[in-house]
Amino acid sequence: MSEKLHISGAEAVIRCLLAEGVDLIYGYPGGAIMPVYDELYKFQDQLNHVLTRHEQGATHAAQGYARTSGKVGVAVATSGPGATNLITGIADAQIDSTPLVCITGQVAAHLLGSDAFQETDIIGISTPVTKWNYQITRAEEIPEIMAKAFYIARSGRPGPVLIDITKDAQFATFDYSYKKCTGVRSYRAVPKLDQAQVEAAAAAINGAKKPLIVWGQGVILGEAEAAFKAFVEKTQIPAVWTILGLSALETDHPLNKGMVGMHGNYAPNLLTQECDVLIAIGMRFDDRVTGRLDAYAKQAKVVHLEIDPAEINKNVHADYPVLANCKESLEALTPLIETKKLDTWMARFDELYAKEYEAVIEKDLKPSKEGLTMGEVMVEINKASKSDAVIVTDVGQHQMVACRYASFVRSKSNVTSGGLGTMGFALPAAIGAKMGAPDRHVVAVIGDGGYQMTIQELGTIFQTGVGVKIVVLNNNFLGMVRQWQQLFFDKRYASTEMTNPDFVTIAKGYHIPAKKVTDREDLAGAVEEMLATEGPYFLEVVVEKEDNVFPMIPTGASLTEIRLN
């Protein structure tokens, strides 16, 4: 318990942030949050505020920071449009389990419900996309609510919390003291591990002849990478990943067999339909992973290691659920597992990989055509960074290519918008990711469409000097939508071809070194120059205009209907 001070609500907000160990926040000032900004000015030597160019950029930057640092990201905005502009990032954080605390200003309490200037019911708007939210109308509430906000955001399955503070509560004074929250009545952040569940799961795994591990971001969020790797190596079971699980196990590990899902690898998808025991670890059976649910892994017994009880049996029935943080459940499970030789089963992965390599991978990475492919760009980034960069992707074809071909040697290296699929995510998220991992190369790989949704954040990069490397893969199309139009709408390219600006000139307008590559012989040198340059850098790579991303499972199809072309 801290000593009591008689201070304003606005000062209390800043002191609460400092008490929670926050030293970096993202935001955009306005009238209803101005008292907090006034106090922030006084504490600027302790709390760094990054002025983004849009409130959505603040939430995405806070997400990127949370994803690479493992801390809670913080975003601040004013009332009305400032608050509503946070919603896309909050929704993205909710579905991708990213810990955020978002603080919004609000009109004075006596004006609530009167349609006052810049009044919006942000509590009502944000309720479906937050883990918890609360409106503060009295200064005395601030310490307890802020402590609770940080506890809820970071505990258990993480997520975003929104705290709305009326302007009069920011001005009012009270006797301040702060006590960290360590629990909330009726909220059990982490279920208690049931040893009987562990033993039942172990028996099922030990009886398997064709087991398959599918892991997701829960391994990273639970800080379970070492326990997970020990489990994989003890069991010798092939392991495949969802896009948010990528980088929890190094890419070149012999038991890492690639990505599942709509644009995942051929073997992981097909063999999901052949395995006899499917071991799901920290993943939620998203529709992009399962394809047609009524045809998903019907032959398999399902072991599901999960922290959130709501995910058990939500989409896929779990024959052997194990509720706990997956670090705890893996550490309990691993000693009970027998090591097996699965040579015949492993050979199936090798056989199907060879088929995918010939049909897809070789054409992506060693093309015979003149135009550059997105896969080639990823190979050069891997080489130049020694597979140790943080790759931040937007949403679209480039995202799927990056996830397929990026190579990683350590965790928290893949930052992308998974569940919500938010175009415009990558540029601001890369700013936060670099600030969360300042000692690492952070490369934002973005399509020309998503880049222009938050291109104003180049101003944030210019003002802060943050060393983000930006790679725009330019095909002058909304590429993923165009691919679907080609395959399923008889090539009716409705509103997907883009007339783009001179991206290099725009970057130079923000005093960011920039280069454009159109020829294969210039690519490797340009990527090396980008990574060798101190500070930010912009690289535009013109890629094939109508390349498609394969393999592909059409929407509503089963995993067995995966297409190689």
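### Some thoughts on the pattern of salt bridges
Tallied over the full model, the rule gives 24 salt bridges. Between Arg 284 and Asp 286 there is a salt bridge; the shortest N-O distance is 3.4 Å. Note that Asp 287 and Arg 288 form a salt bridge whose closest N and O atoms lie 3.7 Å from each other. Since its relative accessible area comes to 48%, Asp 287 is described here as partly exposed. Residue classification places Arg 288 among the partly exposed residues on the basis of a relative accessible area of 41%. A single salt-bridge network, built from bridges that share partners, covers Arg 157, Asp 308, Glu 311 and Lys 314.

### Considerations on the sheet that holds strand 17 (residues 442-447)
Spatial ordering of the open sheet is given by 16-15-17-18-20-19, a layout of six strands whose pairing is parallel. Where the open sheet ends on each side, the last strands, each with one partner, are strand 16 (414-415) and strand 19 (514-517). Note: strand 18 (residues 469-474) against strand 20 (residues 537-542), six bridges, orientation parallel. When the bridges of strand 20 are listed, Lys 469 appears paired with Tyr 537. Strands in contact with helix 23 (residues 520-532) are strand 17, strand 18, strand 19 and strand 20; relative to strand 20, the strand with the most contacts, it is inclined by about 165 degrees.

### Some words on the domain arrangement of the protein chain
Looking at the protein chain, the domain boundaries give domain 1 (5-176), domain 2 (195-349) and domain 3 (366-542). Distance from the C-alpha centre of domain 1 to the C-alpha centre of domain 2: 37 Å. On the domain 2 side, the residues contacting the seven residues of domain 1 number seven residues. When domain 1 packs against domain 2, the two sides together hide about 640 Å² of surface, and 54% of this comes from carbon and sulfur. Ranking the residues of domain 1 by area buried against domain 2 places Arg 67, Asp 96 and Arg 157 at the top, with a combined share of 65%. Asp 308 serves as the salt-bridge partner of Arg 157, at 2.8 Å between the closest nitrogen and oxygen. Run the count over domain 1 and domain 2 and you get three residue pairs in polar contact (both at pLDDT 80 or more). Of the residues contributing to the side of domain 1 that touches domain 2, the split by class is two nonpolar, two polar and three charged.

Basis of the calculations
Residues numbered from 1 in each chain as written. Predicted model: local features only at pLDDT ≥ 70, side-chain atom pairs only at ≥ 80, totals over all residues. Heavy atoms only, no water. Salt bridge = Lys/Arg side-chain N within 4 Å of Asp/Glu carboxyl O. Buried < 20%, exposed > 50% of the residue type's maximum accessible area, 1.4 Å probe, protein only. Pairing = 2+ DSSP bridges. Helix = DSSP H or I, 4+ residues; strand = E, 2+ residues; numbered from the N terminus. Contact = heavy atoms within 4.5 Å. Axes fitted to C-alpha atoms, helices over the stretch in contact; angles between N-to-C directions. Domains from an automatic or database assignment. Buried area = accessible area lost by both parts, 1.4 Å probe. Polar contact = N/O pair within 3.5 Å; in protein donor to acceptor, adjacent residues only side chain to side chain. Nonpolar A, V, L, I, M, F, W, Y, C, P; charged D, E, K, R; others polar.

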